[in-house]
Amino acid sequence: MAERALAALAALAFGTAIAAGLPGLAPKLLPPEQAFRFSARVLDPATLEARFDVADGYYLYRDKLRFTAEPVQVLPVDLPRGQRKHDEFFGDVETYRGAVTVRLPLVAAAPGKTLVVHADSQGCADAGVCYPPNPQQLTLVVPAAGAKPGPYVEAMPKGLFR
Amino acid sequence: MSAKPIAPAIGAPDSPRRRRHLLVGAAVVGAAALAGGIALYQQGQRAAPRDGSAVLALVLPDVDGRQQALSQWRGKVLIVNFWATWCAPCREEMPHFIAAQARDGAKGLQFVGIAVDQVDKVREFAQEIRLNYPSLIGGLGAIELSKALGNELAALPFTIILDRSGSVVHTQLGPLKAARLDALLDRLLSPA
């Protein structure tokens, strides 16, 4: 009797799991702002250093990565080479894993001036999902000429993952 | 009232006090069983197939710009796949979908893609892989749409399967493996 009840319960639990749709990958996956953490600092009034920290098991596409700033402009630069990956539709593409830093020339950034840096990125998880283009932004203050580089500022509020 | 064990009372000469204990005990057990039953029932309700009317209410343009209502496929086993050309895992699973559509379309299976993408890219890719089911154009806004339908992480591919009665019987973030798809179709397409 008890065994039958248990078997029925097990069947019910199994049935509900199937009906609910197995959660599959969902619990293991990070939201994009945690998988692709954007930060930046002003090295000197002429140089912005932008950085992405890509979580293990995730990658960003090099050709989808863009940085812009306002009201101070950043000049376009060649992004660092990535790892080559063959894509059946797009041909050879390059991807970034781990940390990627990019130094961008700032145009006419006056010390003390506040600038907003925008990053557009798009990436995927090795687990088999991709995230849509992910715009992020952060705000920096240009340090005085000759001063130490400003601190890294993260696009997400501090304390969320540290 | 002292909480005496109930078991020793069974078979023992009845006294009004013992009877009262038995009644209290039976009430407690009964309430517990009822609560358990309700909990299981609620769990069953939560996990039971969800209403798919939000999916069937969607109207989106196809690659030729014609508005297509998903309700036109009501009564079929409907597999709605959110995808994009910029999503390699999405592109990789689509040949399975094409094969299943060719094999089971006559049995009442209908795939519908919703592309989180631009129409020219979708058209080009659809021609390249000889897509044999419609892919509607959702643009980036379709990501929000998929979130409303359960895609909490807003990632792709995301697939929703409706049975013939319009209930959501499966949702999947990430690739729907061919074996899993075939097992689901076996069940959903078998005559009632």
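Just so it is clear, the structure is predicted and the values come from calculations on it, not from any experiment. Here, residues in each chain are numbered from 1, in the same order as that chain's written sequence. Each chain takes a letter, starting from A, and each ligand takes a number, starting from 1, following the order in which they are written. Local features in this predicted model are restricted to residues of pLDDT 70 or higher, and side-chain atom pairs are both shown and tallied only at a pLDDT of 80 or more, whereas totals for entire chains, interfaces and linings draw on every residue.

Draft legend 1. Spatial organisation of the overall build of chain A. Each helix is a run of DSSP H or I of at least 4 residues and each strand a run of E of at least 2, with the numbering of both proceeding from the N terminus. The number of helices and strands found in chain A is two helices and 13 strands. Neighbour counting defines burial: a residue surrounded by 20 or more other C-beta atoms within 10 Å of its own C-beta is buried, one with 12 or fewer is exposed, and intermediate counts give partly exposed, using backbone-placed C-beta atoms. In chain A, which comprises 162 residues, the proportion classed as buried is 28%. Once C-beta atoms have been placed from the backbone, residue pairs whose C-beta atoms lie within 7 Å are recorded as contacts. Long-range pairs, those at least 24 residues apart, make up 67% of the contacts in chain A with a sequence separation of at least 6.

Draft legend 2. Spatial organisation of the overall build of chain B. In terms of regular secondary structure, chain B is built from six helices and eight strands. Sorting the 192 residues of chain B into buried and exposed places 34% on the buried side. Long-range pairs, those at least 24 residues apart, make up 62% of the contacts in chain B with a sequence separation of at least 6.

Draft legend 3. Quick look at the sheet that holds strand β4 (residues 77-83) of chain B. Residues and elements named next belong to chain B. Think of it this way: DSSP has to see at least two bridges between two strands before they count as a pair. Reading across the sheet, the six strands line up as β1-β8-β7-β4-β5-β6 and stay open at both edges, with mixed pairing between neighbours. In this open sheet, the two edge strands, each paired with only one partner strand, are β1 (50-51) and β6 (135-137). Where β1 meets strand β8 (residues 167-173), two bridges bridge the pair, whose relative direction is antiparallel. Within β8, the residue paired with Asp51 across the bridge is Ser167. Across the face of the sheet, helix α3 (residues 88-104) comes into contact with β4 and β5 (109-115) while running at roughly 155° to β5. Under this scheme, a helix contributes an axis fitted over its contacting stretch, all axes are lines through C-alpha atoms, and angles between N-to-C directions fall in the 0 to 180 degree range.

Draft legend 4. Fine view of the environment of A:Asp44. Residue and element names in this part refer to chain A. Tracing the sequence through the fold places Asp44 in strand β1 (residues 36-44). Judged by local crowding, Asp44 falls into the partly exposed class, with 19 C-beta atoms found within 10 Å. Distance in space between the C-alpha atoms of Asp44 and Pro111 is 8.7 Å, their sequence separation being 67 residues.

Draft legend 5. Expanded view of the nonpolar core. Of all hydrophobic cores here, the largest spans 75 residues; its most connected members are A:Leu48 and B:Leu156. Here this core takes six residues from β4(B), the largest share from any one element. Apart from the residues lying within four places of it in its own chain, the contact partners of A:Leu48 are A:Ala40, A:Val42, A:Ala69, A:Val74, A:Leu104, A:Leu106 and A:Val117. We call a set of buried Ala, Val, Leu, Ile, Met, Phe, Trp, Tyr and Cys residues a nonpolar core when their C-beta atoms link them within 7 Å.

Draft legend 6. Molecular detail of helix α6 (residues 178-189) of chain B. All names here are of chain B. In this model α6 runs 16 Å from its N-terminal to its C-terminal C-alpha over twelve residues, within 8% of the 16 Å that 1.5 Å per residue would give. For α6, the full list of buried residues reads Leu181, Leu184 and Leu188. All buried residues of α6 project into a common sector of 70° when viewed along the axis, lining one side. Of the exposed residues in α6, the ones pointing more than 90 degrees away from its buried face are Ala179, Ala183, Asp186 and Arg187. The inward-facing, buried residues of α6 contact β4, α3, β7 (158-162) and β8. Under the convention used throughout, the expected extent of a helix is 1.5 Å for every residue step, that is, one less than its residue count. Picture the helix axis, draw a direction to every C-beta atom, and the arc is the one those directions span.

Draft legend 7. Just the environment of B:Ser167, in detail. All names here are of chain B. Along the chain, the position of Ser167 falls in strand β8. Taking the number of C-beta atoms within 10 Å as the measure of exposure, Ser167 has 15 and is therefore partly exposed. In the structure, Ser167 is positioned 65 residues away from Ala102 in sequence and 23 Å away in space, judged by C-alpha atoms.

Draft legend 8. Just unusual backbone geometry, in detail. The amide bond that connects A:Glu70 to the next residue, A:Pro71, takes the cis arrangement and shows omega of -5°. Along the chain, A:Pro71 turns up in the loop between β4 (66-70) and β5 (73-74). Following B:Leu156, the chain continues to B:Pro157 via a peptide bond in cis, the omega torsion being -5°. You can see B:Pro157 is positioned in the loop between α5 (141-148) and β7. At B:Arg130, a position not held by glycine, the phi torsion is positive, near 55°. Looking at B:Arg130, the number of C-beta atoms within 10 Å reads 9, which means it is exposed. Unusually for a residue other than glycine, B:Ala154 sits at a positive phi of about 55°. Within the element layout of this structure, B:Ala154 appears in the loop between α5 and β7. For B:Ala154, a count of 19 C-beta atoms within 10 Å translates into the label partly exposed.

Draft legend 9. Quick look at the environment of A:Lys85. All names here are of chain A. Structurally, Lys85 can be placed in strand β6 (residues 83-87). Using a count of 14 C-beta atoms within 10 Å as the deciding quantity, one classes Lys85 as partly exposed. Not counting residues up to four positions away in its chain, the partners in contact with Lys85 are Val93, Glu94 and Thr95.

Draft legend 10. Representation of α5(B) in the model. All names here are of chain B. Ala142, Ile143 and Ser146 are the residues of α5 that are buried. Taken down its axis, α5 places every buried residue within 110° of arc, on the same side. Counted as exposed and oriented over 90 degrees from the buried face of α5: Gly141 and Ala148. Where α5 is buried, its residues contact β4, β5 and β7. Gly150 occupies a position one or two residues after α5 and carries a positive phi of about 115°.

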